[in-house]
Amino acid sequence: CWESTPDGRPGWLTDFLRAGWPCYLVDNAERGRAGWHCLPGSPVAEPVARGAEECWTTFRIGPADGYPDRQPFPGSMFPVEALPELVQQMVPRWSTTIELEVAALLAVVRRIGPCVLVGHSQGGGFAARVAQAAQDIVLATVLLEPHGLPEMPTGPQLLVLGDNLERSAITNRLMPVWQSYRESGSHVDVLDLPAIGLLGNTHLPMADTNSDAVAALIREWIDRR
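Residues numbered from 1 in each chain as written. Predicted model: local features only at pLDDT ≥ 70, side-chain atom pairs only at ≥ 80, totals over all residues. Heavy atoms only, no water.

### Looking at the overall build of the protein
1) Next: Along its length, the protein carries 7 helices and 4 strands.
2) Next: Element order for the protein, N to C, with α for helix and β for strand: α-α-α-α-β-α-β-β-α-β-α.
3) Next: Here the C-alpha atoms of the protein give a radius of gyration of 17 Å, agreeing with the 17 Å that 2.2 N^0.38 yields for 225 residues.
4) Next: Dimensions of the protein, computed from the C-alpha atoms along their principal axes, are close to 50 × 45 × 35 Å.
5) Next: Here the analysis covers contacts within the protein between residues at least 6 apart in sequence; of these, 64% occur between residues at least 24 apart.
6) Next: Carbon and sulfur atoms make up 54% of the accessible area of the protein, which totals about 11100 Å². (Helix = DSSP H or I, 4+ residues; strand = E, 2+ residues; numbered from the N terminus. Rg over C-alpha atoms; globule rule 2.2 N^0.38 Å. Contact = heavy atoms within 4.5 Å. Areas by Shrake-Rupley, 256 points an atom, 1.4 Å probe, with all protein chains shown as cover.)

Structural data, given as structure tokens:
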């Protein structure tokens, strides 16, 4: 999801490399090209695997009743015709390996050295937890609609939020957490995309058709650190 968009455009990895930044694309445990692993002694659980309809609603592409005819939310910036390609990017994951994934990312950060972490959704929660554990190394974090956040932020952090949040039960549950981060003080800046006129972004801003505009705003924020 970082290397290219579902409709075949260059992804944010290309954008950040063109900005002159050295980049490391991390496939955490059980993601992408990484292997699968279960912690010794952990309970065996069924993997979580999302199909097209769950992607449609969870990622706020459109309402549940719009899925059969592929009718997205008005003004949605997701390329609906590329939904099958998005689904092909989904991989199974387990709920029992979260601590392993945080530890793996922390090990990567300690190997790379001083860096800025960019994380999306669950990966945003991982990034925030690693920033807390490695404050001497993580210079800043960009959290794209994250979940699994630690109780308090470790700054500087940029919280990026898309559109139609109130139309999703999942993001409705997360909004109080995001609001607590907003109100936590000087550590956290908020990039509220619809508030600045970038309308229609889904839970996947790196896949939306205005992804280049969102990436430019993130680059500007990182450049100011």
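### Observations concerning helix 4 (residues 98-112)
1) Next: If you check helix 4, its first and last C-alpha atoms are 21 Å apart, about what 15 residues at 1.5 Å a residue would give, namely 21 Å.
2) Next: What helix 4 keeps buried is the set Glu 101, Val 102, Leu 105, Leu 106 and Val 109. Buried residues along helix 4 cover an arc of 135° about the axis, so they all sit on one side.
3) Next: Looking one or two residues past helix 4, Gly 113 carries a phi angle of roughly 100°, positive in sign. (Expected span 1.5 Å × (residues − 1). Buried < 20%, exposed > 50% of the residue type's maximum accessible area, 1.4 Å probe, protein only. Arc of directions from axis to C-beta.)

### Details of the nonpolar core
1) Next: Counting 28 residues, the largest nonpolar core has Trp 12, Ile 61, Leu 86, Val 142, Leu 144, Val 160 and Ile 218 as the members making the most contacts within it.
2) Next: Every element with two or more residues in this core is listed here: helix 1 (12-18), helix 2 (52-58), helix 3 (83-88), strand 2 (138-144), strand 3 (157-161) and helix 7 (211-223).
3) Next: In terms of residues, this core owes the most to one element, helix 7, which gives 5 residues.
4) Next: Excluding anything up to four places from it in sequence, Val 160 contacts Val 142, Leu 143, Leu 144, Glu 145, Leu 191, Leu 193 and Ile 218.
5) Next: Grouped together as the second largest cluster of nonpolar side chains are 23 residues, Ala 127, Ile 137, Val 138 and Trp 178 included. (Core = buried A, V, L, I, M, F, W, Y, C linked by side-chain atoms within 4.5 Å.)

### Things to note about the pairing of strand 4 (residues 188-192)
1) Next: Note that strand 3 and strand 4 share 5 bridges and pair parallel. Each bridged residue has a counterpart across the sheet, and for Leu 161 the counterpart in strand 4 is Asp 192.
2) Next: What joins strand 3 to strand 4 is helix 6 (residues 169-182), and the crossover it makes is right-handed. (Pairing = 2+ DSSP bridges. Right-handed = clockwise from strand over helix to strand, strands pointing away.)

### Quick word on helix 7
1) Next: In this model, helix 7 (13 residues) spans 18 Å end to end at C-alpha, consistent with the 18 Å of a helix rising 1.5 Å per residue.
2) Next: The secondary structure elements touched by the buried residues of helix 7 are helix 1, strand 1 (115-120), strand 2, strand 3 and strand 4.

### Examining the pairing of strand 3
1) Next: For strand 3, a buried count of 5 out of 5 residues is recorded, marking the element as mostly surrounded by other parts of the structure.
2) Next: Burial of the side chains of strand 3 extends over both faces: Gln 157, Leu 159 and Leu 161 are buried on one face and Leu 158 and Val 160 on the other.
3) Next: Of the pairings in the sheet, the one linking strand 2 to strand 3 comprises 4 bridges and is parallel in character. Bridging from a neighbouring strand, Thr 141 pairs with Gln 157 of strand 3.

### Looking at the pattern of salt bridges
Here the idea is simple: oppositely charged side chains can pair when their charged atoms come close.
1) Next: The final tally for this structure, using the stated rule, is 8 salt bridges.
2) Next: Salt-bridge contacts for Glu 166 lead to Arg 167; the nearest nitrogen and oxygen are separated by 3.8 Å.
3) Next: With its nearest N and O atoms 3.3 Å apart, the salt bridge here joins Arg 182 to Asp 192. Remark: Asp 192 occurs in strand 4 and Arg 182 occurs in helix 6; sequence separation between them is 10 residues.
4) Next: With relative accessibility at 32%, the residue Arg 182 sits in the partly exposed group. (Salt bridge = Lys/Arg side-chain N within 4 Å of Asp/Glu carboxyl O.)

### A closer look at the sheet that holds strand 1
1) Next: The sheet built from 4 strands is open, its strands ordered 1-2-3-4 with parallel pairing. Here the strands that pair on one side only, and so sit at the sheet edges, are strand 1 and strand 4. Mean inter-strand twist for the sheet, computed between neighbouring axes without regard to direction, equals 15°.
2) Next: This element, helix 7, spans strand 1, strand 2, strand 3 and strand 4 of the sheet and lies at about 155° to strand 2. (Axes fitted to C-alpha atoms, helices over the stretch in contact; angles between N-to-C directions.)

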